[in-house]
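# Tertiary structure, described
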Amino acid sequence: MGVPSTISAIVLALLLGLMNCSAQYQSDAPSLSLVGNGTGLTQVSPAELRSLFRGERSVWPTGRQVIIVLPGSRVEWSERFSLQVLGMSRQAMQRYWLGLVFQGRASAPVFVDSAAEVLSYVQDHPGAIGMVPMGTKGVPDAMLIKVVQ
Amino acid sequence: MHVMDRPVLQVIVLVTSMLWLSNVQGQVERTRFNGFGHIELTGVAGDDPSAYFSLGEHDFFVTSTLSERITFLGEYVIRTNGSSATNFLPSIERSLVRYTYANNHSIIVGKVHTPVNYWNDVYHHGRLFFPVIDRPLAFSYLVPLHTLGLQMQGQNLGRAKFGYDLVLGNGISSSDAIDQGLDPSLTAAFHVKPLEGMRVGLSYYYDFLRANAYGAHSGHSPAPNVTRADAYKGPLAFHLASFSFAWFTQRWEVLNEACMNASITDSLGTASNWSNFTYVARRIGEKHVVYGLGDVIEVGSDDLHVYALHQVKLGLGYRHEFSHLVNLKVQVENRWDHQAHQHMDQTSHMHGPDLGIRIQLAYGF
């Protein structure tokens, strides 16, 4: 194989690698939107997002108590939520939260049965946060909190 | 006898009231009720083999939001007790009010699980959460299960997710109603969570027992070959240092609980005792966990709180998690007891081993 062919092959391999990384980045990008009420937050990192839904914060900068809203087992995207946000299965998430509440180290989250219920609960309860599928209708801009990579 | 004189009926009335309150309009999302329980089948080999079913502790767990920053937690247990006419007695295991005055900082008042180690802080009385069938051996002799008093708590502070628990309260000899003298127990516990699922902690506990009494909620008792009536009844200073390492990942689970105890009397000076529990498990898929455990407790012959005790327990087990609300554990264990006791006018120093199999169905709702 001549030098030009070798260089071409290397460049092609690099390009393919970059494309793969890009595609992987896109597939890892969350397909859920974070909504909140009275949190004082405008954006969070993925690590902060994970920490919030693990119950590692009790009071917002606004002084409001943190209320976590989670999708119940009947919600078809609940498995996607627990895998993408918490890195665990839905059963593991339920086990984690049950254990945390039983320890007395966090207040019980609120489980709801649809994206509409997530929005409704968050709107009605200052301090509440939850996630809904991207593209869910009726999400006020004021409730959206950016997740910045 | 009036119905309210019967402890079990009192608990039924209490639970029914809590269920009704949880359905009162406007309080569904503020008060939460859970229950936990377990049933066991035990088989013991040896000179006197036996096999039997047993009904384990049943735990009624209540949490409620009283205001934006104040919450309540209660844990009420019914367990077997031979001193009751029905063989069951209720008890209040935890009852506390928490005020969160700043993000991740709280003041707690009430009856708590003394936060000396990971196990006592995390697992309480719900066997559903236990990684193995029963508590480590140290919980029957050295670990002060409960404290009634005041606790300052912080958690998830900084990048290392530092946590602290400082407790001032009634001591080992106390009841839930009274403690003699001006000698509160002191607990100082600290932990970090450097990696997700990992918690490393250290604690120190001190109590002065004026008459070496074993309070009902401490969980303490003397060694099996010593009766409470015969135990030392003088003053005793009790020091306990504990180290915990816990790491629970999607594939592996490791928990090690170590403690060193010094019990000091004017009669025999300082007795140095120790205990160590190790649990290692491999999670296979979502529902299957295989594990091994080793547990040892060594109490010296100069100890006047527990008395001489040497126990070793080794076990292998399998845990099947049907869901987050029900699991089945099968555990084969062998226990060696090495105690000084009198047998046919001679001092004997070995009893056991006892090989057994235990099967536990633990559930929550």
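Source: prediction; values computed, not measured.

Cut-offs and rules
Residues numbered from 1 in each chain as written. Chains lettered and ligands numbered in written order. Predicted model: local features only at pLDDT ≥ 70, side-chain atom pairs only at ≥ 80, totals over all residues. Heavy atoms only, no water. Helix = DSSP H or I, 4+ residues; strand = E, 2+ residues; numbered from the N terminus. Buried < 20%, exposed > 50% of the residue type's maximum accessible area, 1.4 Å probe, protein only. Contact = heavy atoms within 4.5 Å. Buried area = accessible area lost by both parts, 1.4 Å probe. Salt bridge = Lys/Arg side-chain N within 4 Å of Asp/Glu carboxyl O. Polar contact = N/O pair within 3.5 Å; in protein donor to acceptor, adjacent residues only side chain to side chain. Core = buried A, V, L, I, M, F, W, Y, C linked by side-chain atoms within 4.5 Å. Phe/Tyr/Trp six-rings, centres within 6.5 Å; stacked < 30°, edge-to-face > 60°. Lys NZ or Arg CZ within 6 Å of the ring centre and 35° of its normal. pLDDT = per-residue confidence, 0-100.

## A closer look at the environment of isoleucine 70 of chain B
All names here are of chain B. Among the secondary structure elements, isoleucine 70 is positioned in strand β4 (residues 70-80). Here isoleucine 70 falls in the partly exposed class, since its relative accessible area comes to 29%. Each C-alpha atom of the pair isoleucine 70 and phenylalanine 60 lies 21 Å from the other, and the pair is 10 residues apart in sequence.

## What about the interface of chain A and chain B?
Chain A puts 30 residues into the contact, and the matching count from chain B is 46 residues. The junction of chain A with chain B conceals about 2900 Å² of combined surface from both sides, 44% of it contributed by carbon and sulfur atoms. Of all residues in chain A, Leu98, Phe102 and Arg105 of chain A give up the largest surface area on contact with chain B, accounting jointly for 31% of the area buried on that side. Among the ionic pairs, aspartate 165 of chain B bridges to arginine 105 of chain A, the shortest N-O distance being 3.0 Å. At the boundary of chain A with chain B, the tally comes to 20 residue pairs in polar contact (both at pLDDT 80 or more). Here the side of chain A that touches chain B gets nine residues from one element, more than from any other, and that element is helix α4 (residues 90-103) of chain A.

## Focus on the environment of arginine 64 of chain A
Note on placement: arginine 64 of chain A falls in the loop between α2 (46-53) and β3 (67-71). In the structure, arginine 64 of chain A is positioned 62 residues away from proline 126 of chain A in sequence and 7.0 Å away in space, judged by C-alpha atoms. With residues up to four places along the chain from it excluded, the contact list for arginine 64 of chain A reads Gly38, Ser58, Val59, Pro126 and Gly127 of chain A together with Glu68 of chain B. In this structure the side chain of arginine 64 of chain A is engaged in a polar contact, spanning 3.3 Å, whose partner is the side chain of glutamate 68 of chain B.

## Notes on the nonpolar core
Counting 91 residues, the largest nonpolar core has Phe53 and Phe81 of chain A as its most contacted members. The leading source of residues in this core is α4 of chain A, at seven residues. Apart from residues no more than four positions distant in its own chain, phenylalanine 81 of chain A is found in contact with Leu32, Phe53, Leu70, Pro71, Leu86, Met93 and Met131 of chain A. Membership of the second largest hydrophobic core comes to five residues, among which are Phe33, Phe60, Val62 and Ile78 of chain B.

## Focus on the side chain of serine 244 of chain B
Residue and element names in this part refer to chain B. Along the polypeptide, serine 244 turns up in strand β11 (residues 236-248). Given the relative accessible area of 4%, serine 244 is considered buried. Looking at serine 244, its side chain comes within polar contact range of the main-chain nitrogen of tyrosine 118, at 3.2 Å. Here the side chain of serine 244 touches glutamate 257 through a polar contact of 2.5 Å, side chain to side chain. Once residues lying within four places of it in the same chain are set aside, the contact partners of serine 244 are Asn117, Tyr118, Arg199, Val200, Gly201, Asn256 and Glu257.

## Details of the packing of aromatic side chains
This structure, assessed with the given rule, holds 20 aromatic pairs over all chains. A ring pair is formed by phenylalanine 36 of chain B and phenylalanine 129 of chain B, whose centres lie 5.2 Å apart and whose planes are at 55 degrees; its orientation type is tilted. Pair noted here: phenylalanine 36 of chain B is in strand β1 (residues 31-44) and phenylalanine 129 of chain B is in the loop between α2 (118-122) and β7 (146-157), with a separation of 93 residues, a long-range link. The interplanar angle of 15 degrees and the centroid separation of 6.2 Å between the aromatic rings of phenylalanine 162 of chain B and phenylalanine 190 of chain B together place this pair among those described as stacked. In this pair, phenylalanine 162 of chain B sits in strand β8 (residues 162-169) while phenylalanine 190 of chain B sits in strand β9 (residues 185-192), placing the two residues 28 residues apart along the sequence. Phenylalanine 190 of chain B sits in the partly exposed class, given a relative accessible area of 38%. Three or more aromatic residues link up through ring pairs in this structure, and these residues are Tyr118, Trp119, Tyr123, Phe130, Phe139, Phe248, Phe277, Tyr279 and Tyr291 of chain B. Residue placement shows arginine 94 of chain B over the ring face of phenylalanine 102 of chain A; its charged tip is 5.2 Å from the ring centre.

## Description of the pattern of salt bridges
Any two side chains of opposite charge can pair, on the condition that their charged atoms come close. Inspection of the entire model under this criterion finds 22 salt bridges over all chains. Arginine 283 of chain B is the salt-bridge partner of glutamate 321 of chain B, the closest N and O atoms lying 3.0 Å from each other. Note that glutamate 321 of chain B is positioned in strand β15 (residues 309-323) and arginine 283 of chain B in strand β13 (residues 269-284), a separation of 38 residues in sequence. Neither residue differs from the other here; glutamate 321 of chain B and arginine 283 of chain B are each classed as buried. Bridged by salt links that share partners, the residues Arg50, Arg54 and Glu56 of chain A together with Lys161 and Glu196 of chain B form one connected network.

## Here we look at the confidence of the model for chain A
Per-residue confidence for chain A gives a mean pLDDT of 84, with 80% of residues at or over 70. Throughout residues 13-29 of chain A the model reports pLDDT below 50, and contacts reaching past four residues in sequence, or to other chains, amount to one contact.

## Thoughts on the side chain of serine 106 of chain B
Residue and element names in this part refer to chain B. Mapped onto the fold, serine 106 is located in strand β6 (residues 105-113). Under the relative-accessibility criterion, serine 106 is labelled buried at 4%. Reaching out from serine 106, the side chain makes a polar contact with the side chain of arginine 98 at a distance of 3.1 Å. Those residues in contact with serine 106 that lie beyond four places of it in its chain are Arg98, Tyr99, Thr100, Tyr101, Gln151, Met152 and Gln153.

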